[in-house]
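Structural characterization, general
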Amino acid sequence: MNILFYILQKEFKQVFRNKPMIAIIFVVPIIQFLILPLAADFEIKNINIALIDNDKSTTSRLLINKITASGYFRISSIENSFKQALKKIELDKADLILEFPANFEKSLYRESNQKVLISINSINGIKANLGGFYLINIINEFNNEIQLDLKPTSQNFGGIDIRTLDWFNPNLNYKIFLIPGLLAILVTMVGGFLTALNIVREKELGTIEQINVTPIKKWQFILSKLIPFWILANLVFTNGLILGYLIYDIVPKGNLLILYCFIDIYLLAVLGLGLLISTISETQQQAMFVMFFFMIIFILLGGLFTPIDSMPTWAQYFAHLNPVKYVIEAIRLVMLKGSGFEDIIPQTTAVFLFAIIINFLAIINYRKTI
Amino acid sequence: MKEAIKVENVSMKYEKSKVIALDNISFKINENDIFGLIGPDGAGKTTLFRILTTLILPTQGSVEIYGFKTTKDYKQIRQFIGYVPERFSLYQDLTVYENLNFFASVYKTTIKENYAVIKDIFIHLEPFKNRKAGKLSGGMKQKLALCCALINKPKILFLDEPTTGVDPVSRIEFWETIKKLKENGITIIVSTPYMDEAKLCDRIALMFNSKILNISTPDDIISNFESNIFKIKSDNNSYLKKILNDFDKLFTAYYFGDSVHLAISKELAINEEQIISMINEKNIKIFEFSLIAPTIEDCFIKYLTNG
């Protein structure tokens, strides 16, 4: 025990002496928090419409006004034919074509039935999807408004009134969705990357040889490597929570203790991954690349930017093997929804299993190699 | 004399590369000797060191250090050995003092307690006490490494190629330090590719190609040498070397500095005049021709060509 204390002392000295590294650890989150949520925003604005109004009636104008008033759309050009409008799409000057047929108003009121044509450029899938969705919503709303004009004779039938309330993130603010995920990534980076690099550094510089001829036991050496980064990751997580509050006013709804407990269990898995990678790498460069490979997959398949539910089935199954998925889920649940411990039991169990399996592999591998 | 290390039938084969680094080696090292492992790069010196210092286990054979087996008693062994690897392996981002203090505490001791052992070396380092180890000069780095390896007052000190890449003056200094350590009762095992350092050891093992060719005192190796060595200087050394080697199977000629050494088995009945006239026939001008005492390097080369 005594020896462990001395090695830890040495580790902390080294970690905190590495000034650029410490700066990066604490500055990177600030930059990530400031830039990513603002840049990676899926709210679509300024969708350009090429308009073909063959009717030029009051009704068509009313609808057009309603569309432009929504703030999402901009009439970029008014065309006379579909062919011309299509040209605009081909030149990327317009994102969608809205065409009113001739006699739009007339037949709408006479036959209570009319069609408009919407053609969407789907090269940018998200923009096309959301744009179409917004537009259909607006037209539906318009449809409801004119019902009274259309069928003044018919009785006002009740029907079901649908109103959507968005819970936990009432304004569908993408930033609130992103911040908990970013916290998870930060913790994973510090815990995984730095641990792996630190151990491999000892190998690369040969210092591990000098350590191995001393009475230092392997478990003491491993613990001395894991504990500093476990603490550092907790600090970074705290730093992230504070930044989330200061910049985006996000206050965790759930219990902070539960949040920290979960993170600390998750860190066991991440530190184990760092250890595992350090056993299979000889140089820091190798460790860096292997870790990078894992991180990219973990982040992309972890539901940070895109929800896992919208992935193909095989990818969803694959995501079950991704520890980052569980931690992003759990942090979102506790931070945004205020979930208690019993609500994140599945995630906690999964992460705990990961911790056991990864550490088991790491220790087996460590025994073989060093 | 008490033996410090006993190596029996040790072989080492690296699994991944299938390289045989040590091939059935057996020898003993006496207590309080300076034992030199002499051999070119790739002879297996470092592998042998790593086995002796309990860093790796041999594929075959056993090693006993003061009666402790490296396979199961490595914990006890690590308490009383000191190891200076070939490459500087201390923490470059810690200061001289911090490094020394760290290794002292790892052995549950203090610098104060064992100051007597390192004193002679540490006084040179004292002015740089608070300098980071990475910022030291090569010679100072080596002194620090030596201090860190001695801080636990080891019975055996392993030095893997300590003089490789060190300037001649520092090399002489270094060997004086080693002699002093021997006086303190420490057994020293040192490896070196420099043959001229062999005579500074009490006993030496000549290593080549994963095998030990000969183990003896440097004087014995030379006096048991069964060839006469002629030093020849000429105007065309490369041609000279070729004709001498072609002349007789028992002739071994090789470059030695600016001259050619010719080793001839003592049994061969041939005199100097015969050799000189043979060389003259080939139109080679001789500047110098003399019978000299063999050096360790001559012995080493002889072993290589015979084996």
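What you see is a predicted model, and the numbers here were worked out from it, not measured in a lab.

The helix and strand tally for chain A stands at 14 helices and 4 strands. Its C-alpha atoms give chain A a radius of gyration of 28 Å, clearly above 21 Å, the size a compact globule of 370 residues would have. For chain A, the proportion of its 370 residues judged to be buried stands at 46%. When contacts within chain A are restricted to residue pairs at least 6 apart in sequence, long-range pairs at least 24 apart make up 78% of them. Accessible surface computed for chain A: about 19,700 Å², of which carbon and sulfur atoms make up 63%. Taken as two groups, the 31 positive and 27 negative side-chain charges of chain A have centres that lie 7 Å from each other.

Moving on to the pairing of strand β13 (residues 259–265) of chain B. A regular strand carries its side chains on alternate faces of the sheet. Residue and element names in this part refer to chain B. Of all 7 residues making up β13, 7 are buried, and the element is well covered by its neighbours. Side chains Ser259, His261, Ala263 and Ser265 of β13 all project onto a buried face; the interleaved residues Val260, Leu262 and Ile264 project onto the opposite face, where all are buried too. Across 6 bridges, strand β11 (residues 227–234) lies against β13 in antiparallel orientation. From the neighbouring strand, Asn228 faces β13, where its bridge partner is Ile264.

Residue and element names in this part refer to chain B. All chains considered together, the criterion is met by 3 cavities of 30 Å³ or more. One number sums up the size of the largest cavity: a volume of about 60 Å³. Lining the largest cavity are Ala116, Val117, Asp120, Ile121, Thr177, Lys180, Leu181 and Asn184. Broken down by secondary-structure element, the contributors of at least two residues to the lining of the largest cavity are α4 (115–125) and α6 (168–183). Among the elements that make up the lining of the largest cavity, the one with the highest residue count is α4 (4 residues). Considered class by class, the residues forming the lining of the largest cavity number 4 nonpolar, 2 polar and 2 charged.

Residues and elements named next belong to chain B. Phi at Asn9 takes a positive value of approximately 45°, unusual for a residue other than glycine. Mapped onto the secondary structure, Asn9 falls in strand β1 (residues 3–13). Although it is not a glycine, Asn209 sits at a positive phi angle of roughly 55°. Looking at the element boundaries, Asn209 is found in the loop between β9 (203–208) and β10 (211–216). Residue class for Asn209 comes out exposed when judged on its relative accessible area of 53%.

Moving on, we come to the packing of aromatic side chains. Residue and element names in this part refer to chain B. Using the criterion set out here, one finds 19 aromatic pairs over all chains in the structure. Ring geometry for Tyr66 and Phe80: centres 5.7 Å apart, planes at 85°, overall edge-to-face. Of this pair, Tyr66 sits in the loop between β4 (60–65) and β5 (68–69) while Phe80 sits in the loop between α2 (74–79) and β6 (81–84), placing them 14 residues apart in sequence. Residue Tyr66 is classed as buried on the basis of its relative accessible area, which comes to 14%. Relative to Phe102, the ring of Tyr91 has its centre 6.0 Å away and its plane inclined at 80°; by these criteria the two rings are edge-to-face. With Tyr91 in the loop between β6 and α3 (96–106) and Phe102 in helix α3, this residue pair connects regions lying 11 residues apart in the sequence.

Before going further, it helps to examine a nonpolar patch on the surface. Residues and elements named next belong to chain A. On the surface, Val27, Ile30, Ile31, Leu34, Ile35, Ile242, Tyr245, Leu246, Ile247 and Val251 cluster together into a nonpolar patch covering about 880 Å² of accessible area. Listing elements by their share of the nonpolar patch, those giving two or more residues are α2 (19–39) and α9 (218–248). In terms of residue count, α2 provides more of the nonpolar patch than any other element does, 5 residues in total. Among the structural elements, Ile35 can be located in helix α2.

Listed as interface residues are 25 residues of chain B and, on the opposing side, 23 residues of chain A. At the boundary of chain B with chain A, total buried surface from both sides reaches about 2,400 Å², with 59% on carbon and sulfur atoms. Viewed at the interface, chain A and chain B are joined by 4 salt bridges. Residue Arg201(A) is joined to Asp93(B) by a salt bridge in which the shortest nitrogen-to-oxygen separation is 3.0 Å.

With that settled, consider the domain arrangement of chain A. The domain boundaries assigned to chain A delineate domain 1 (2–40 + 170–365) and domain 2 (47–155). Domain 1 of chain A and domain 2 of chain A are separated by 48 Å when their C-alpha centres are compared.

All names here are of chain A. One open sheet holds the 4 strands; their spatial order is β2-β1-β3-β4, and the pairing between them is mixed. The sheet is open, and its two borders are formed by β2 (73–78) and β4 (117–120), each paired with just one other strand. Shown here is a sheet whose adjacent strand axes are inclined to one another by a mean of 25°, direction ignored. Note: strand β1 (residues 47–53) against β2, 5 bridges, orientation parallel. Note on β2: the bridge partner recorded for Ile49 is Ile75. Packing against the sheet, helix α4 (residues 82–90) makes contact with β1, β2, β3 (96–100) and β4, and its axis sits at approximately 165° to β3.

Residues and elements named next belong to chain A. As for its placement among the helices and strands, Leu96 is situated in strand β3. Assessed through its relative accessible area of 0%, Leu96 is described here as buried. Through-space distance from the C-alpha of Leu96 to that of Thr279 is 54 Å; in sequence the pair is 183 residues apart. Setting aside anything within four residues of it in sequence, one finds Leu96 in contact with Ile47, Asn48, Ile49, Ala50, Phe73, Ile89, Ile118, Ser119, Ile120 and Leu135.

Turning our attention to helix α7 (residues 174–205) of chain A. In this model, α7(A) (32 residues) spans 45 Å end to end at C-alpha, consistent with the 46 Å of a helix rising 1.5 Å per residue. Gly206(A) lies just past α7(A) and shows a positive phi near 85°.

Cut-offs used in this document
Residues numbered from 1 in each chain as written. Chains lettered and ligands numbered in written order. Predicted model: local features only at pLDDT ≥ 70, side-chain atom pairs only at ≥ 80, totals over all residues. Heavy atoms only, no water. Helix = DSSP H or I, 4+ residues; strand = E, 2+ residues; numbered from the N terminus. Rg over C-alpha atoms; globule rule 2.2 N^0.38 Å. Buried < 20%, exposed > 50% of the residue type's maximum accessible area, 1.4 Å probe, protein only. Contact = heavy atoms within 4.5 Å. Areas by Shrake-Rupley, 256 points an atom, 1.4 Å probe, with all protein chains shown as cover. Lys, Arg positive; Asp, Glu negative; His and termini not counted. Charge placed at Lys NZ, Arg CZ, Asp CG, Glu CD. Pairing = 2+ DSSP bridges. 1 Å grid on protein atoms, 1.4 Å probe; cavity = no way out; pocket = protein on both sides within 12 Å on 5 of 7 lines; lining within 4 Å. Points joined across faces, edges and corners; volume = space filled by probe spheres on them. Nonpolar A, V, L, I, M, F, W, Y, C, P; charged D, E, K, R; others polar. Phe/Tyr/Trp six-rings, centres within 6.5 Å; stacked < 30°, edge-to-face > 60°. Patch = residues over 30% accessible without salt bridge, like charges linked within 9 Å, V, L, I, M, F, W, Y side chains within 5 Å. Salt bridge = Lys/Arg side-chain N within 4 Å of Asp/Glu carboxyl O. Buried area = accessible area lost by both parts, 1.4 Å probe. Domains from an automatic or database assignment. Axes fitted to C-alpha atoms, helices over the stretch in contact; angles between N-to-C directions. Expected span 1.5 Å × (residues − 1).

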